[in-house]
Each structure stands twice: as C-alpha cells, then as structure tokens.
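Okay, here's what each chain looks like letter by letter:
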Amino acid sequence: MASSSSLHLSQALLARAVYLHGFNSSSTNRVSLSFPSFCGLKSHSPCKAATSSAGSRRRGATVRAAAVETLDQTTEVALVEKSINTIRFLAIDAVEKANSGHPGLPMGCAPMGHILYDEVMRYNPKNHTWFNRDRFVLSAGHGCMLQYALLHLAGYDSVKEEDLKNFRQWGSRTPGHPENFETLGIEVTTGPLGQGIANAVGLALTEKHLAARFNKPDNEIVDHYTYVILGDGCQMEGISNEVCSLAGHWGLGKLIAFYDDNHISIDGDTEIAFTENVDQRFEALGWHVIWVKNGNTGYDDIRAAIKEAKAVKDKPTLIKVTTTIGYGSPNKANSYSVHGSALGAKEVDATRKNLGWPYEPFHVPEDVKKHWSRHVPDGAKLEAEWNAKFAEYEKKYSEEASELKAIITGELPAGWEKALPTYTPESPGDATRNLSQQNLNALVKVLPGLLGGSADLASSNMTLLKSYGDFQKETPEERNVRFGVREHGMGAICNGIALHSPGFIPYCATFFVFTDYMRAAIRISALCEAGVIYVMTHDSIGLGEDGPTHQPIEHLASFRAMPNLLMLRPADGNETAGAYKVAVVNRKRPSILALSRQKLRQLPGTSIEGVEKGGYIISDNSSGNKPDVILIGTGSELEIAAAAAEDLRKEGKAVRVVSFVSWELFDEQSDAYKQSVLPASVSARVSIEAGSTFGWEKIVGSKGKAIGIDRFGASAPAGKIYKEFGITKDAVIAAAKEVS
C-alpha cells in the first residue's frame, strides 16, 4: 500500500485532472463533483470525498461517471494492487535498464491493463493464434512495456524475464513499439499514433462480419471482443476521427476503447493544443461514452464500466479513464518528463519507497506469479471448449465450417487461380481499372476471405463486388465496405482486417495520387506483414483533364523504395490477372496495383506467368540473347514500347520488348533469369513510363535512356498531355537510335 505522502500527492494530482477535464466553462452549467478518494485499498468502505464546484478552463459539459455497480471480484483488493504495482515496476525497470522508453503510460494504465488481462479477456497464452480470442490493441504504442509486462505475467513464451531485460535492444523480442511480427501475442504493429485504434476498428469490423456470416441460432461460433487503449496523441491524430466515425456508423458493439485521459503529451499539458470535448465528439460519432474519474485506484469503477460497455450491443464504447501519467513517481508524475524518458535511478528508488515496493528489479512476487499462472490452463480450456463447439458446428453446417476454416487457417481453395480471367490480343481493349473489376468479381466467388471497398470512388475505381451488398450496421454479412472519403483510415482498417485471420484478403481503393493521404497506413502494412491489396486507379497523366493535383508523378518511385511492398503496374488484361494472382498469394506483404483510367489494347505476349517474374520478354526478334536494343515499359506505356519496336524492326533492328510490371519480383529472380531478360552485354536500353525517371538508371544503366516525367502534370485531354510530355512512340524510336 502506498505511503501517506503518496496518497496526498496522488489525491492532489487527480483532483487537478478532474478539475481540468470535468466542468463546463459556462457558469450556468457548473456542477459539483466528488473527487475520488485515495483511501486504503484493503477496505471496500468509501472514504470521505473532497468536493468542488469550480469552473474549468477547458472541456465541455460533464459526462456521467461509470455506473456504481461492480463486477464480481475474482481476488482480494490487496493482491490486485500488488499485481498492478508488479506491472508498473516491470515497466519502470525495463525502461531504466534500457535507459530508453516511455514509463509514464504503463504506470498510469496498469489498473486498466491488469483488469483486462487478468479478469476480462479470453485468450490462450500458449496459442496466440487461437481464433476466438479477444483482441487487444495498444494504440498508444510508445507505452508498450505495459503490454509486455502483461504478456509476461499471463504466461506467453514470447516475453520471458530475459526479454524484459532486453527491452529495446538489438534482436530482442521486446522492441520499442509493439510489433506483431516480433512478439507473439501482439495483434498489430502500433507506434504512429492513431494507427492502433484504426486497426482495432478493422478487427472489430471483421468479428461483426464473421459473426453475421457464420453464427447460427444454436451455435455462436464467432464471439470475441476487441479492446484498445488510446491516448491524447491518438485522439489528436485525424485518422482516429476517421475510423471512429465509421465504427459508430457501423455499430461495432464489440469494440471497447479505453481513453487514457492523462492530459499530458510530449510538449506538456494538452491544454496548450487540445481542449475539445472528446466525450461529446464521440457521442456525436455514435459511441456510447462512460467516464471513469479515478483510473488510478478505482478498480471497481473500471470493472463496472466494462460491464456497462458489454451491455451496449449496438454501439462501440469509449471509456474515458482519467489517470495520472507516471502514477507513483513522487517528483515526475503528472508531467511530460515521465512521458518519454527513464525515471533515473534516484526517482526509481523514490517511487519504490512511495509505492511500498521492496523488491529487486524485474521481480514478480510469488503470490502474484501464482495468481497469474492460472491463465495457462484456463486458456487451454477455453480453446478446447471452442474446438469442441466448432466440431459440433462442422457436423451440422459443413459448408459454412469449410469456409470459416479457410479464413482461420489462410489455406487458399484448391484451384482458385483458375477463376482468373484470361485475354487474347483479339479481346476488346479496356482500361485496367475495368479489367481489375472483372478480376475482383471472379475472385470473390472462390476466395471466402476477400472483401473491401473504396474511399467514396467505387464507381470510378471499379471495385464493386456485384454479387454482394454493402457491409452496414444492419447487413454486416455483406462484403462491399463503404469507407467514405477517409483514405488514411481505410488503409489502417484494412490492416486490422488482414491481421485478424490469415485467410482475410482485404482490398481498398482510391486514385493513385491519394495514396499521399494514406502512406502511413501503407507503410505499416509493409512493416507488419499485412497482405492488403491496394487498388489504385488513375495511375498517371493518362487521367487527363483533372490535371496535376490528380496526376501521380513520383508515386511509383516512392513505393518501389518502400521495403516489403509489391508495386505492380499491369499493362493489359493478362497482366492485371497476373497482378491479382501475385497479390493474393503474397499474404505477408501488401501489393499496390496501379491501374489506368484510359483504355489500353490487349497485347501479344503478355501473361499471368510473366507477371509472377516481375519482368519478362513479350516480343523479341533477336537471336543469341543479343538484341540491338531493349525497350522496357510498364502499364499504359508498354503498348508504346511495343509499337516503337514494330517500326524499328522494319528498319532492320533486332529489338526486344520487356514488360517490367514489378521491380521487386524481378529482383527476386535468379541471376540466370535476369540475364536472360536483361543481358549485361546489352547496354542499349530505353525505358518508358509516365512517371518520375527516378531509379530507372538501375534498369537501363548509365548508357541507356529513361523516358518519363520529372515535373508536375497538366490539365488537358490525355492524348495531348502524352504528346506534350514526350511520352510517345517517336520519342522511344529516337532514344533507341541514340543508344544503339
């Protein structure tokens, strides 16, 4: 139990927090509130409360506190406090040893974390992939020692004591922000603020969709919650409003978000930049809102808030939990100095004395260890019970069970690729965005985990699944997702969908230039190995009259520079089908398909198999792997290269035409294959692409020539723009003659 001096300090700090957060500045709306009391924790009897009617300098009308009804407690309060302090000091000790990290959030959020992982959530520590587990996302990822401590106590093999001691070190399983690919038990990769709450919306959307598709009156085989902790920084980022607007619209009743309301960010008190009424905003977004005034020691209030949240089935719930950042630190609590720096040896000792913690660093008291040890057998039992439930489900609903199993395991149906359409040179020419829609509608018939949508551009991106309706609050079983004009949120939601279960194949769409709005989400896709398919249309100056604001220039080059990302630019129907085959197979890296607005002809020599190699020959009249010149094109410019080759051959040139759909896939081929396509002995190379020439020297070499655009576009019909920018057959022919 904390010393009396710490109780007075904490009471003063929390009183200030409630003062700053709880009252309307208008004198006509002033109300009297009780400050939570910091009396001894062994007693359930209430202590005398302080009251105040002072007006606040910030935040709007008071939101009611959590219901006073409490859940049945599973353990005595003294052990709860000891467990919570264990979490705090594991975080303090790890950050101190690393001399790097963010101790403040774990110290303030430890009560929330304890109650979630020890009393509320259903999971199996020995199988982090158990399908029907509850999901937890730490959107405020800088506080990751909170989650590492919880995983350690719960019995996850991924976070042993040695891992805590190696926090933020080379090769450790406890990196500086949560990474799902490094630490088993972490659902999604968070760190850039706001991404986590967006991922959580994706996870909750997926649960709602699966429950609607597969649950039966006699067997609710899909039944789990998504919990998330987010902070003031997440609230400030625009992406959080995008996704929380959608969560309210969709009625994601199994999404419960804990807002760590500590009013401190890196620069100091949030009053310097963040004074809106978050409660009222979330109510306007369609959320149920609860306020827990004492997040430091009000354990029963937190439990009651969770119970109340679970009773609300048609809305997501925001539980605003007012906490003290760095709770227990006598000199740094409630200040920015505890946000992102180690406490320092002197303050660690003072905090140990303040919270009555006599143990050595990283020590877990035996009674705490024994108490938490039950989660391993309990988790195994939960999974075994669900497995038995699924066995009964499979007997009665074999077709649905087969689909659900494919989603759970990620196993693609046998022969699924046969659904991909194929084309001949005689097939009518079309924009690759239209060909993309043909592929999507063919694939959705054979891939049970395919779903997605557009940022209010479905009729232009051509992404509508014609045999399905819209995923909405009342029709969550459908597979067209309407994201509205929310590109950033859309991408991050799709990351959550992809990481929910291996068999989900989410896609999302907008104009290629608007990837600028969602680049952070795409980067996280690549980092966290989420196989999202990004369907990006209007991929060049070929979109025409909309002009330079809508014409991507540097985008192809920038995404080719991003690790673990496939940038694909198909030229016709066969290549579009090939791009989809590649994207579906690559479940641990996202793909961007850059697609044309303008109509393109179906080219001889293109193939699905060729796309899988990234770069391949579509025509060649040379012999002995010794062409006079190699013409290289992507997307809509491949047909220009092919036309130029025809004219050059008439002049007696030996010309090879190479489609370079994906640099990344080509780089992965054997040296022998790469030499068969681009022999080192042939330096006469010309590339053509309606985008930046940045990076093309790697392909064409110092003696080759890259035709492209290194300035912004213009507003005019597409044909005129191509001519004015020199993206023409004549330009290719002239360049070929120059280099050969």
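Residues numbered from 1 in each chain as written. Predicted model: local features only at pLDDT ≥ 70, side-chain atom pairs only at ≥ 80, totals over all residues. Heavy atoms only, no water.

Thoughts on the pairing of strand E10 (residues 450-454)
To keep it simple, the criterion reads: Classification of residues uses two cut-offs on accessible area relative to the type maximum, computed with a 1.4 Å probe and protein chains only: under 20% is buried, over 50% is exposed, and between them is partly exposed. Strands here are runs of E lasting at least two residues and helices are runs of H or I lasting at least four, both read from the DSSP assignment and numbered beginning at the N terminus. For two strands to be treated as a pair, DSSP must find no fewer than two bridges joining them.
The element E10 is extensively covered by neighbouring structure, given that 5 of its 5 residues are classed as buried. With burial as the criterion, each face of E10 is covered, one bearing Leu450, Gly452 and Ser454 and the other bearing Leu451 and Gly453. Pairing of E10 with strand E13 (residues 505-511) involves 5 bridges; the strand directions are parallel. When the sheet's bridge partners are listed, leucine 451 is paired in E13 with proline 506. Both E10 and strand E12 (residues 480-482) contribute to a ladder of 3 bridges, which runs parallel. Within E12, the position partnered with glycine 452 by the bridge is asparagine 480.

What to know about the side chain of glutamate 207
Our working rule: Side-chain atoms alone can form a polar contact between residues adjacent in sequence; in general such a contact is a pair of N or O atoms within 3.5 Å, and within protein one must be able to donate a hydrogen while the other accepts it. Any two residues having at least one pair of non-hydrogen atoms within 4.5 Å are treated as being in contact.
Within the element layout of this structure, glutamate 207 appears in helix H6 (residues 195-214). We classify glutamate 207 as buried; its relative accessible area is 4%. A distance of 3.4 Å separates a polar atom in the side chain of glutamate 207 from the backbone nitrogen of histidine 224. Once residues within four sequence positions are removed from consideration, glutamate 207 is found in contact with Val222, Asp223, His224, Lys254 and His500.

Looking at the packing of aromatic side chains
The geometry of an aromatic ring pair is captured by the separation of the ring centres together with the interplanar angle, meaning the angle of the planes. Keep this limit in mind: Each Phe, Tyr or Trp ring (for Trp, its six-membered ring) is paired with any other whose centre lies within 6.5 Å, and the angle between the two planes then decides the class: stacked below 30 degrees, edge-to-face above 60, tilted in between. For a lysine, the NZ atom is tested; for an arginine, the CZ atom; a charge sits over a ring if that atom is within 6 Å of the ring centre and within 35 degrees of the ring normal.
Under the criterion given, the structure shown has 21 aromatic pairs. Measuring from ring centre to ring centre gives 4.9 Å for phenylalanine 660 and phenylalanine 666, while their planes differ by 55°; the resulting arrangement is tilted. Phenylalanine 660 gets classed as buried once you look at its relative accessible area, which sits at 0%. Residue phenylalanine 666 is classed as buried on the basis of its relative accessible area, which comes to 5%. Linked through ring pairs, Phe131, Trp386, Phe390, Tyr393 and Tyr397 together constitute an aromatic cluster. A cation over a ring is seen here: lysine 216 above tyrosine 397, with NZ or CZ 5.1 Å from the ring centre.

Notes on the sheet that holds strand E8 (residues 288-292)
The condition is simple: Only C-alpha atoms enter the line fits that serve as axes; for helices the fit covers just the stretch in contact. Angles between N-to-C directions range over 0 to 180 degrees.
Overall, parallel pairing links the 5 strands, which are arranged E3-E4-E5-E9-E8 in an open sheet. Sheet topology places strand E3 (135-138) and E8 at the edges, where each strand pairs with a single neighbour. On average, each strand axis in the sheet is inclined to that of its neighbour by 20°, with strand direction left out of account. By the bridge criterion, 4 bridges tie E3 to strand E4 (residues 226-231) in an arrangement that is parallel. Bridge assignment links valine 137 to a residue of E4, and that residue is valine 228. The strands touched by helix H10 (residues 299-311) are E4, strand E5 (255-261), E8 and strand E9 (317-322); relative to E8, the strand with the most contacts, the crossing angle is about 170°.

Describing the packing of helix H2 (residues 77-98) against helix H11 (residues 345-354)
Formally: Angles are sorted into four bins: roughly parallel if under 35 degrees, roughly antiparallel if over 145, roughly perpendicular if 65 to 115, and oblique for all others. In this scheme, a crossing is called left-handed if the near helix is turned counterclockwise away from the far one by less than a right angle; it is called right-handed if the turn is clockwise. In this count, Pro and Cys sit with the nonpolar residues alongside Ala, Val, Leu, Ile, Met, Phe, Trp and Tyr, while Asp, Glu, Lys and Arg are called charged and the others, Gly among them, polar.
At a closest axis distance of 11 Å, the pairing of H2 and H11 adopts a crossing angle of 170°. Taken together, the axis directions place H2 and H11 in an arrangement best described as roughly antiparallel. The hand of the H2/H11 crossing is left-handed. For the pair formed by H2 and H11, the contact residues are Phe89, Ile92, Asp93 and Glu96 on the first element and Ala345, Val348, Thr351 and Arg352 on the second. Of the residues in the contact of H2 with H11, the class split is 4 nonpolar, 1 polar and 3 charged.

Re unusual backbone geometry
Phi is positive for glutamate 529, which is not a glycine, with a value near 65°. With respect to the helices, strands and loops of the structure, glutamate 529 is situated in the loop between helix H18 (519-528) and strand E14 (533-537). Positive phi outside glycine occurs at asparagine 564, with the angle close to 55°. Within the secondary structure layout, asparagine 564 lies in the loop between helix H19 (555-560) and strand E15 (566-568). Classification of asparagine 564 as partly exposed rests on a relative accessible area of 32%.

Description of H11
The criterion, for reference: Taken from the helix axis, the directions to the C-beta atoms give the arc we talk about.
Among the residues of H11, Glu347, Val348, Thr351, Arg352 and Asn354 are the ones counted as buried. Looking straight down H11, one finds that the buried residues subtend no more than 165° of arc, so they occupy a single side. Turned more than 90 degrees away from the buried face of H11 sit Ala345, Lys346 and Lys353, all of them exposed. Immediately downstream of H11, the backbone of glycine 356 shows phi near 65°, a positive value.

Some words on the packing of helix H15 (residues 432-443) against helix H20 (residues 573-585)
Contact geometry for H15 and H20: axes closest at 9 Å, N-to-C directions at 50°. On the basis of their axis angle, the class for H15 and H20 is oblique. Pair H15 / H20 crosses with right-handed handedness. Residues Thr432, Leu435, Ser436, Asn439, Leu440 and Leu443 of H15 touch H20, and the partners they reach there are Gly573, Thr576, Ala577, Tyr580 and Val584. Grouping the amino acids of the contact of H15 with H20 by side-chain chemistry returns 6 nonpolar, 5 polar and no charged.

Digging into the confidence of the model for the chain
Note the cut-off: Residue-level confidence of the predictor, termed pLDDT, takes values from 0 up to 100.
Taken over all residues, the pLDDT of the chain has a mean of 91, while the share at 70 or more is 90%. Across residues 1-74, where pLDDT falls below 50, the model places 166 contacts with residues more than four positions away in sequence or in other chains.

Some thoughts on the pattern of salt bridges
How we decide: Just to be clear on terms, a salt bridge is a Lys or Arg side-chain nitrogen sitting within 4 Å of an Asp or Glu carboxyl oxygen.
Evaluated as defined, the whole model comprises 33 salt bridges. Note that glutamate 400 is salt-bridged to lysine 216, the shortest N-O span being 3.0 Å. In this pair, glutamate 400 is assigned in helix H14 (residues 398-409) and lysine 216 in the loop between H6 and E4, connecting sequence segments 184 residues apart. Salt-bridge contacts for aspartate 539 lead to arginine 569; the nearest nitrogen and oxygen are separated by 2.8 Å. Linking aspartate 539 in the loop between E14 and H19 with arginine 569 in the loop between E15 and H20, this pair joins segments that are 30 residues apart in sequence. Connected through shared salt-bridge partners, Glu119, Asp300 and Arg303 make up one network.

Looking at the sheet that holds strand E16 (residues 591-594)
Judged by pairing direction, the sheet is parallel, and its 7 strands sit side by side in the order E11-E12-E10-E13-E14-E16-E15 without closing on themselves. Strand pairing shows two members of the sheet lacking a second neighbour, strand E11 (470-471) and E15, which therefore form its edges.

Here we look at the pairing of strand E19 (residues 655-660)
Stated formally: With strands facing away from the observer, any crossover in which the path from the first strand over the helix to the second runs clockwise is taken as right-handed.
In terms of residue burial, E19 counts as a mostly covered element, since 6 of its 6 residues are buried. Burial of the side chains of E19 extends over both faces: Val655, Val657 and Ser659 are buried on one face and Arg656, Val658 and Phe660 on the other. Here strand E17 (residues 615-620) runs beside E19; their pairing, made up of 5 bridges, is antiparallel. Paired with isoleucine 617 across the strands is valine 658, a residue of E19. In terms of strand pairing, strand E18 (residues 629-633) meets E19 through 5 bridges, oriented parallel. For isoleucine 630, the partnering residue across the bridge sits in E19 and is arginine 656. Of the crossover connections in this fold, the one passing from E18 over helix H22 (residues 638-650) to the parallel E19 is right-handed.

Here's the deal with the side chain of threonine 189
Note that threonine 189 resides in the loop between helix H5 (161-165) and H6. The buried category is assigned to threonine 189, whose relative accessible area is 3%. Of the polar contacts made by the side chain of threonine 189, one reaches the side chain of asparagine 180; its length is 2.5 Å. Setting aside residues no more than four positions away along its own chain, threonine 189 makes contact with Pro178, Glu179, Asn180, Phe181, Asn199, Ile524, Leu527 and Cys528.

Side note on H2
Test applied: To estimate the expected span of a helix, count its residues, drop one, and scale the result by 1.5 Å.
Taking 1.5 Å of rise per residue, the 22 residues of H2 would be expected to cover 32 Å, and the 32 Å separating its terminal C-alpha atoms lies within 8% of that figure. For H2, the tally of buried residues reaches 18 of 22 residues, placing the bulk of the element in the interior. Immediately downstream of H2, the backbone of asparagine 99 shows phi near 55°, a positive value.

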